Amino acid sequence: RAQVRMVLVGGAPGTGKSTLALAIGEATGWPVLRSDEIRKDLAGLPHTPRDPGDFGVGLYAPEFSDRVHTTMLERARRHLQEGEGVVLDASWSSGARRDAARRVATACAAPVIEIRCRVDPEIAAARIEERRLAGEGPSDATGQIARRLAASADPWPQARPLDTLAPPAVVLAEARALVGPT
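Per chain, residue numbering runs from 1 following the sequence as it is written. Whole-chain, interface and lining totals are the exception, using all residues; otherwise, since this is a predicted model, local features are given only for residues with pLDDT of at least 70 and side-chain atom pairs are given and counted only at 80 or more. For the side-chain quantities, the full set of heavy atoms in the structure was used; hydrogens and water were omitted.

(A) Geometry of the nonpolar core. To qualify as a nonpolar core, a set must consist of buried Ala, Val, Leu, Ile, Met, Phe, Trp, Tyr and Cys residues joined through side-chain atoms within 4.5 Å. A 1.4 Å probe rolled over the protein chains alone gives each residue an accessible area, and that area as a share of the maximum for its type sets the label: buried under 20%, exposed over 50%, partly exposed in between. If you look at the biggest cluster of nonpolar residues, it comprises 24 residues, and the most contacted ones within it are Met6, Leu88 and Trp92. A run of H or I in DSSP becomes a helix once it reaches four residues, and a run of E becomes a strand once it reaches two; helices and strands are each numbered from the N terminus. Sorting elements by how many residues they give to this core places helix 3 (residues 62-81) first, with 6 residues. In this structure, Leu88 is in contact with Met6, Val7, Leu8, Val9, Leu33, Met72, Leu73 and Ala76, ignoring residues within four places of it in sequence. If you look at the next biggest cluster of nonpolar residues, it comprises 14 residues, including Val9, Cys117, Val171 and Val179. Any pair of residues with heavy atoms lying within 4.5 Å of one another is described as a contacting pair.

Set out below in structure tokens:
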């Protein structure tokens with residue numbers, strides 16, 4: 001039987017992390033815990049885009065974001081303890097939050113696979129605008145927020161960078177090779 005694993009899929013908004021996380025979840029049969037959905041659930045809001053306000057305030061204030069990540073990691077711990085791998089979709093821009101995820105995985109004897117999605121910032125901004133205009137998904141990110149989040153992100157040398165401009169099947173094949181057998 002394959003060992004359960006925790007997969008962190010991160011990157012700035014618009015880089016394709018949610019698309020990749022969902023594809024990994026579908027390919028492995030593992031649940032995908034999305035920080036955007038958890039944030040909206042904790043706030044009692046629908047999973048649709050809204051005006052996020054200023055960077056780092058309201059639902060995106062550090063204290064609320066800590067609550068989102070704590071909730072996500074509690075849920076991840078339950079899946080791992082039940083012998084089920086799990087995919088965590090968030091920006092993972094904070095080194096401290098990544099360390100917390102690694103501690104949960106270690107406590108559950110689960111390896112962590114860390115993937116950072118990347119794409120040209122202009123392409124990310126176009127993806128974000130298209131998503132917002134269509135009213136799709138739970139993300140509230142704007143192009144400006146994506147740039148500020150990317151600029152303030154802690155270095156993430158443990159992550160394997162994946163260029164999401166490649167065809168989706170190629171990106172998923174690279175990610176699956178990192179995740180290993182299920």
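(B) The arrangement of the side chain of Arg39 in detail. Along the polypeptide, Arg39 turns up in helix 2 (residues 35-43). Think of it this way: Lys and Arg go in the positive column, Asp and Glu in the negative one, and His and the chain ends go nowhere. The salt bridge criterion pairs a side-chain nitrogen of Lys or Arg with a carboxyl oxygen of Asp or Glu, the two atoms within 4 Å. One buried charge, Arg39, has no salt-bridge partner; the nearest side chain with opposite charge is Asp36, at 4.7 Å. The contacts of Arg39, once residues within four sequence positions are left out, are Leu59, Tyr60, Phe64, Ser65 and Val68.

(C) Region of interest: the sheet that holds strand 4 (residues 112-118). Any two strands with at least two DSSP-identified bridges between them are counted as paired. The strand order 2-3-1-4-5 describes an open sheet built from 5 strands, whose pairing is parallel. Edge positions in the open sheet fall to strand 2 (32-34) and strand 5 (160-163), since each of these has one partner strand only. Direction aside, the axes of adjacent strands within the sheet are offset by 25° on average. Two strands pair when backbone bridges link them, and strand 4 and strand 5 are joined in this way by 4 bridges, in the parallel orientation. A fitted line through C-alpha atoms serves as each axis, taken over the contacting stretch for helices, and the angle formed by two N-to-C directions is quoted from 0 to 180°.

(D) View of the environment of Asp41. The topology assignment puts Asp41 in helix 2. On the accessibility criterion, Asp41 (43% relative accessible area) is partly exposed. On a C-alpha basis, the gap between Asp41 and Pro31 in space is 17 Å, while along the polypeptide they are 10 residues apart.

(E) Main features of the environment of Ala21. In this structure, Ala21 sits in helix 1 (residues 17-28). A C-alpha to C-alpha distance of 7.3 Å links Ala21 and Leu88, two positions 67 residues apart in sequence.

(F) Quick peek at the packing of helix 3 against helix 4 (residues 95-107). Two elements in contact, helix 3 and helix 4, have axes whose closest approach is 10 Å; the angle formed by their N-to-C orientations is 20°. Considering their axes alone, helix 3 and helix 4 lie roughly parallel with respect to each other. Between helix 3 and helix 4 the crossing geometry is right-handed. Across from Pro62, Ser65, Asp66, His69, Leu73, Arg77 and Leu80 in helix 3, the residues of helix 4 making contact are Arg97, Ala100, Ala101, Val104, Ala105 and Ala107. Residues are sorted three ways: Asp, Glu, Lys and Arg are charged, Ala, Val, Leu, Ile, Met, Phe, Trp, Tyr, Cys and Pro are nonpolar, and all the rest, Gly among them, are polar. Grouping the constituent residues of the contact of helix 3 with helix 4 by class yields 8 nonpolar, 2 polar and 3 charged. Angular relationships are summarised with four words: roughly parallel below 35 degrees, roughly antiparallel beyond 145, roughly perpendicular across 65 to 115, and oblique for the angles in between. A crossing counts as left-handed when the near helix is turned anticlockwise from the far one by less than a right angle, and as right-handed when that turn is clockwise.

(G) Fine view of the layout of surface pockets. Of the grid points, spaced at 1 Å and generated over the protein atoms alone, those admitting a 1.4 Å probe that cannot get out make up cavities, while open sets with protein on both sides within 12 Å along at least five of seven lines make up pockets; any residue with an atom within 4 Å of a point is treated as lining. Grid points are joined across faces, edges and corners, and a volume is the space filled by probe spheres set on the points. Put simply, the largest pocket is a space of about 1,200 Å³. Sorting elements by how many residues they give to the lining of the largest pocket places helix 1 first, with 5 residues. Grouping the constituent residues of the lining of the largest pocket by class yields 19 nonpolar, 17 polar and 12 charged. When its volume is computed, the second largest pocket comes out at roughly 350 Å³. Around the second largest pocket, the lining comprises 22 residues; the ones closest to its centre are Gly11, Ala12, Arg116, Ala150 and Ala153. If you list the elements that add at least two residues to the lining of the second largest pocket, you get strand 4, helix 5 (121-134) and helix 6 (143-152).

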